[in-house]
Amino acid sequence: MEALNHFMIFLQKNPLHLALFGTAVITGGMLIWPLFSRLSGQSNEIGTVETVQLINRRDALVIDVRESSEYASGHIANSRHIPLAQLADHLKSLEKFKTRPIIVNCRSGSRAAGAVGILRKNGFNEVFTLRGGILAWAQASMPLEKSK
């Protein structure tokens with residue numbers, strides 16, 4: 001306790017050190033925030049490596065919620081194309097996948113987050129977005145299929 005008191009006095013007498021200490025605390029918090037949000041279950045984003053692992057190890061379903069022209073230009077192999085506007089109409093056909101992980105992707109991740117919300121509200125518990133969407137997938141040099 002005495003060491004803490006000495007440290008506080010030191011910081012009070014040295015405003016520059018106080019600013020540096022505050023910056024270090026804030027920066028450290030920003031660096032570990034993603035870890036805490038993932039451990040607490042708040043984050044539902046996964047990267048390309050985690051996506052491949054879920055597909056290979058747990059037979060995850062990939063749902064692509066982009067528009068038809070976007071999907072045709074390049075998509076993850078074996079992904080199911082359901083544009084976001086039509087997702088609610090397809091919930092019944094997705095019921096059989098409730099026990100499997102579901103990964104939703106779009107171009108960059110924004111539409112996928114909305115789709116995850118819809119799926120979770122309808123009882124799908126293990127649903128994730130592909131962090132960065134198909135752009136991140138392509139940037140990681142992962143394979144894309146094109147529709148004819």
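The structure displayed is predicted, hence computed values, not measured ones. (Residues numbered from 1 in each chain as written. Predicted model: local features only at pLDDT ≥ 70, side-chain atom pairs only at ≥ 80, totals over all residues. Heavy atoms only, no water.)

Participant: Looking at this structure, how should I read the overall build of the protein?
Facilitator: When helices and strands are counted, the protein shows seven helices and five strands. Listed N to C, the secondary structure of the protein is α-α-β-α-β-α-β-α-β-α-β-α in terms of helices and strands. Counting all 148 residues of the protein, 31% fall into the buried class. In the protein, of all internal contacts separated by at least 6 residues, the share reaching a separation of at least 24 is 66%. Accessible surface, the protein: about 9,500 Å² in total, of which carbon and sulfur atoms supply 60%. (Helix = DSSP H or I, 4+ residues; strand = E, 2+ residues; numbered from the N terminus. Buried < 20%, exposed > 50% of the residue type's maximum accessible area, 1.4 Å probe, protein only. Contact = heavy atoms within 4.5 Å. Areas by Shrake-Rupley, 256 points an atom, 1.4 Å probe, with all protein chains shown as cover.)

Participant: What am I meant to see in the side chain of Asp-64 here?
Facilitator: Considering the arrangement of structural elements, one finds Asp-64 in strand 2 (residues 61–64). Note on Asp-64: relative accessible area 0%, which makes it buried. Here the side chain of Asp-64 touches Arg-66 through a polar contact of 2.8 Å, side chain to side chain. With near-sequence residues (within four places) excluded, Asp-64 lies in contact with Tyr-71, His-75, Ser-79, Arg-80, His-81, Ile-82, Pro-83 and Asn-105. (Polar contact = N/O pair within 3.5 Å; in protein donor to acceptor, adjacent residues only side chain to side chain.)

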